[in-house]
Amino acid sequence: MGFRKKNKSPPVLSHEFVIQNHADMVSCLAMVILLGLMFEVTAKFAIMFITVQYNVTQVLEGKKEPVNFYQYGPKDAATVVFYLLIAVILHALIQEYILDKMNRRLHLSKTKHSKFNESGQLAAFYLFSFAWGCSILTAAEFATNPTFLWEGYPHTHMGFQVKFFYICQIAYWLHALPELYFQKVRKEDIPRQLYYICLYVVHITGAYVLNLHRLGLVLLVPHYLVELLFHASRLFYFSDENKQKGFTLWALLFVIARLLTLTVSVLTFGFGLPRTDNQGFSLAEGNFNVLTIRMTCLAAICLTQAWMMWKFINFQLKKWREHSQNQGSKKKTTSPKSKPYKREPARGGATNGIVKSDDRTSPRARKAKAS
């Protein structure tokens, strides 16, 4: 990990060296980009990495002062790269100063250690993104007028908060790909993490490029709330295995979130967008309101929700089987024990296999008496 002192330093540029010092290397690269702002020759290129591009000034009705909006373009890739570096640095800070200290106290196994780190990182990200998304939605009209999802499409103009939100979202999920190498994720966990990382990148980038950022934001906020609850519950479970009530609430909200996602998606692609006045396909205008693209987007969302429900059902069945097995083993261990067997005294005064005689004379005296 970066920011960590090691007694033995591995060879320079070896795999272990890069893994241990990747955060320091990325910090140096980010500092170079920031230093580029100090010189006129490089300032134009440095600004492209740091600030949000493609601003448009408009004067709205009823407002005297002009309002700044933003569009997307190729230069956004440079901004995504810079904030990808920032995400790597923040990832290392959270790992080093929070999660590693908690792991030392809990003494978890290797499997639980890996899952604890994953849930810790994702819980922090989901909490931040959920709060940020809610602050954006409170300023929108969705609560009082759900038709704002498709009215006036294409929504080529975004506010600063909306565009910066999407830039940070794409940067974070792209940074998760090299983190699989930096964090030494187990081989059996890599496919599972690759699946959801790629799904996030594809869906968020698709909403951003197709000017569906309003719909994407509405769908991300409740989804992030459900995922936050799951990973927070898993963190509490690792600290104390008796704390499992959070998983019950998560299971309920998970199903509700899936139904909400399907409902809003069908409402937008099936009823809202087909009835708007601006129909057609135009890259220059950012208009993608054609049947093929609408059905492709709706199919992608429906298939993703079906896949998530399938994984959810399998997860619940696995937990139910484990719970039933544990209950069966507990019943066997708590079954009443058989009472200890007590030997009855043998006939003729025998006790515990030893014959006792009332005659206190010796055997020789008894033989002489008999004769």
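Attention here is on the structure that accompanies the text. None of the values given here were measured: they were computed from a predicted structure.

Calculation criteria
- Residues numbered from 1 in each chain as written.
- Predicted model: local features only at pLDDT ≥ 70, side-chain atom pairs only at ≥ 80, totals over all residues.
- Heavy atoms only, no water.
- Helix = DSSP H or I, 4+ residues; strand = E, 2+ residues; numbered from the N terminus.
- Buried < 20%, exposed > 50% of the residue type's maximum accessible area, 1.4 Å probe, protein only.
- Contact = heavy atoms within 4.5 Å.
- Core = buried A, V, L, I, M, F, W, Y, C linked by side-chain atoms within 4.5 Å.
- Expected span 1.5 Å × (residues − 1).
- Bend = angle between axes of the 7 residues up to and from the residue.
- Salt bridge = Lys/Arg side-chain N within 4 Å of Asp/Glu carboxyl O.
- Lys, Arg positive; Asp, Glu negative; His and termini not counted.
- Axes fitted to C-alpha atoms, helices over the stretch in contact; angles between N-to-C directions.
- Parallel < 35°, antiparallel > 145°, perpendicular 65-115°, else oblique.
- Left-handed = near helix turned anticlockwise from the far one by under 90°.
- Nonpolar A, V, L, I, M, F, W, Y, C, P; charged D, E, K, R; others polar.

A word on the environment of phenylalanine 247
Here is step 1: Looking at where phenylalanine 247 falls in the secondary structure, it is placed in helix 8 (residues 245-272).
Here is step 2: Owing to a relative accessible area of 19%, phenylalanine 247 belongs among the buried residues under this scheme.
Here is step 3: Sequence-wise, phenylalanine 247 and histidine 231 are 16 residues apart; in three dimensions their C-alpha atoms are separated by 9.4 Å.
Here is step 4: Ignoring sequence-local partners within four residues, the contact set of phenylalanine 247 consists of Phe230, Ser233, Arg234 and Tyr237.

Re the nonpolar core
Here is step 1: Counting residues in each nonpolar core, the largest one holds 61 residues, and the members touching the most others are Tyr126, Tyr166, Trp173, Ile204, Tyr224 and Phe269.
Here is step 2: When residues of this core are traced back to their parent elements, those giving at least two are helix 1 (15-35), helix 3 (76-106), helix 4 (110-138), helix 5 (160-182), helix 6 (190-209), helix 7 (213-239), helix 8 and helix 9 (291-333).
Here is step 3: With eleven residues, the top contributor of residues to this core is helix 5.
Here is step 4: Residues Leu99, Phe116, Phe247 and Met308 belong to the second largest nonpolar core, which totals 14 residues.

Some words on helix 3
Here is step 1: For helix 3, built from 31 residues, the straight-helix expectation of 45 Å at 1.5 Å per residue is met to within 8% by its first-to-last C-alpha distance of 42 Å.
Here is step 2: Of all bends in helix 3, the biggest is about 40°, found at glutamine 95.
Here is step 3: Remark: histidine 107 follows helix 3 within two positions and exhibits a positive phi of approximately 55°.

Some details on the pattern of salt bridges
Here is step 1: In the structure shown here, the tally under the stated rule is six salt bridges.
Here is step 2: Here lysine 184 and glutamate 16 are joined by a salt bridge, their closest N and O atoms 2.9 Å apart. Of the two residues, lysine 184 sits in the loop between helix 5 and helix 6 while glutamate 16 sits in helix 1, which places them 168 residues apart along the sequence.
Here is step 3: On the accessibility criterion, lysine 184 (49% relative accessible area) is partly exposed.

So, the side chain of glutamate 227
Here is step 1: With respect to the helices and strands, glutamate 227 occurs in helix 7.
Here is step 2: With no salt bridge to any partner, buried glutamate 227 finds its closest opposite charge in arginine 258, at an N-O distance of 5.3 Å.
Here is step 3: Apart from residues lying up to four places away in sequence, glutamate 227 is in contact with Tyr126, Tyr200 and Phe254.

Let's talk about the packing of helix 5 against helix 6
Here is step 1: The contact between helix 5 and helix 6 brings their axes to 10 Å, and the two run at 155°. Considered as vectors, helix 5 and helix 6 are oriented roughly antiparallel to each other. In terms of crossing hand, the pair formed by helix 5 and helix 6 is left-handed. Here Lys163, Tyr166, Ile167, Gln169, Ile170, Trp173, Leu174, Ala176, Leu177 and Leu180 of helix 5 lie close against helix 6, whose contacting residues are Ile190, Gln193, Leu194, Tyr196, Ile197, Tyr200, Val201, Ile204, Thr205, Ala207 and Tyr208.
Here is step 2: Tallied by class, residues from the contact of helix 5 with helix 6 come to 17 nonpolar, three polar and one charged.

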